[in-house]
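One letter stands for each residue in the lines below.
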Amino acid sequence: MTPVTWMRIEAITKALGISHATLYRWIERGLPHHKVGRVVLFDQDEIDSWLRAQSARREPEQRAARGRRS
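(A) A look at the environment of Ala11. Mapped onto the elements of the fold, Ala11 is located in helix H1 (residues 9-16). Sequence separation between Ala11 and Leu41 is 30 residues; the distance between their C-alpha atoms is 9.8 Å.

So this is what it looks like as structure tokens:
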């Protein structure tokens, strides 16, 4: 079993190069997170998986949009 790498809000926004507003928007869209009391934590592996899934879902849409522009 792989140990979990927990990250707080500041660390995850810095690692991903995103603003707090973007992070909260992603949370509303289903970004996995865990609340422990008032602390919000993110599992790095869950975030990586979620981002890959989002990218895979958008790829067909982007290809279709490129085809419409041609």
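(B) Up close: the sheet that holds strand E1 (residues 6-8). With antiparallel pairing, the three strands of this open sheet are ordered in space as E1-E3-E2. Here the strands that pair on one side only, and so sit at the sheet edges, are E1 and strand E2 (34-36). Across the sheet, the mean angle separating the axes of adjacent strands is 40 degrees when strand polarity is ignored. Strand direction decides the pairing type here: E1 and strand E3 (residues 39-43), joined by three bridges, are antiparallel. Its bridge partner being in E3, Met7 is matched across the sheet by Phe42. Against the sheet, H1 makes contact with E1 and E3, and its axis sits at roughly 95 degrees relative to E1, the strand it touches most.

(C) Molecular detail of the pairing of E3. Burial of E3 is extensive: four of the five residues sit out of reach of the surface. The sheet contact formed by E2 and E3 spans three bridges and is antiparallel. Paired with Lys35 across the two strands is Val40, which belongs to E3. Remark: two residues form the turn of the hairpin made by E2 and E3, two consecutive strands paired antiparallel; Gly37 in that turn has positive phi of roughly 65 degrees.

(D) How the structure looks around the nonpolar core. In terms of nonpolar packing, the biggest core is built from 12 residues, these being Met7, Ile9, Ile12, Ile18, Leu23, Trp26, Ile27, Leu31, Val40, Phe42, Ile47 and Trp50. At the level of secondary structure, the elements contributing two or more residues to this core comprise H1, helix H2 (20-28), E3 and helix H3 (44-69). The leading source of residues in this core is H2, at three residues. Setting aside residues no more than four positions away along its own chain, Met7 makes contact with Ile12, Ala15, Val40, Leu41, Phe42 and Gln44.

(E) Examining the side chain of Asp43 more closely. Looking at the secondary structure, you find Asp43 in strand E3. Despite its burial, Asp43 pairs with no opposite charge, the nearest such side chain being Arg52 at 10 Å. Leave out the neighbours within four places in its chain, and Asp43 touches Val4, Thr5 and Trp6.

The rules behind these values
Residues numbered from 1 in each chain as written. Predicted model: local features only at pLDDT ≥ 70, side-chain atom pairs only at ≥ 80, totals over all residues. Heavy atoms only, no water. Helix = DSSP H or I, 4+ residues; strand = E, 2+ residues; numbered from the N terminus. Pairing = 2+ DSSP bridges. Axes fitted to C-alpha atoms, helices over the stretch in contact; angles between N-to-C directions. Contact = heavy atoms within 4.5 Å. Buried < 20%, exposed > 50% of the residue type's maximum accessible area, 1.4 Å probe, protein only. Core = buried A, V, L, I, M, F, W, Y, C linked by side-chain atoms within 4.5 Å. Lys, Arg positive; Asp, Glu negative; His and termini not counted. Salt bridge = Lys/Arg side-chain N within 4 Å of Asp/Glu carboxyl O.

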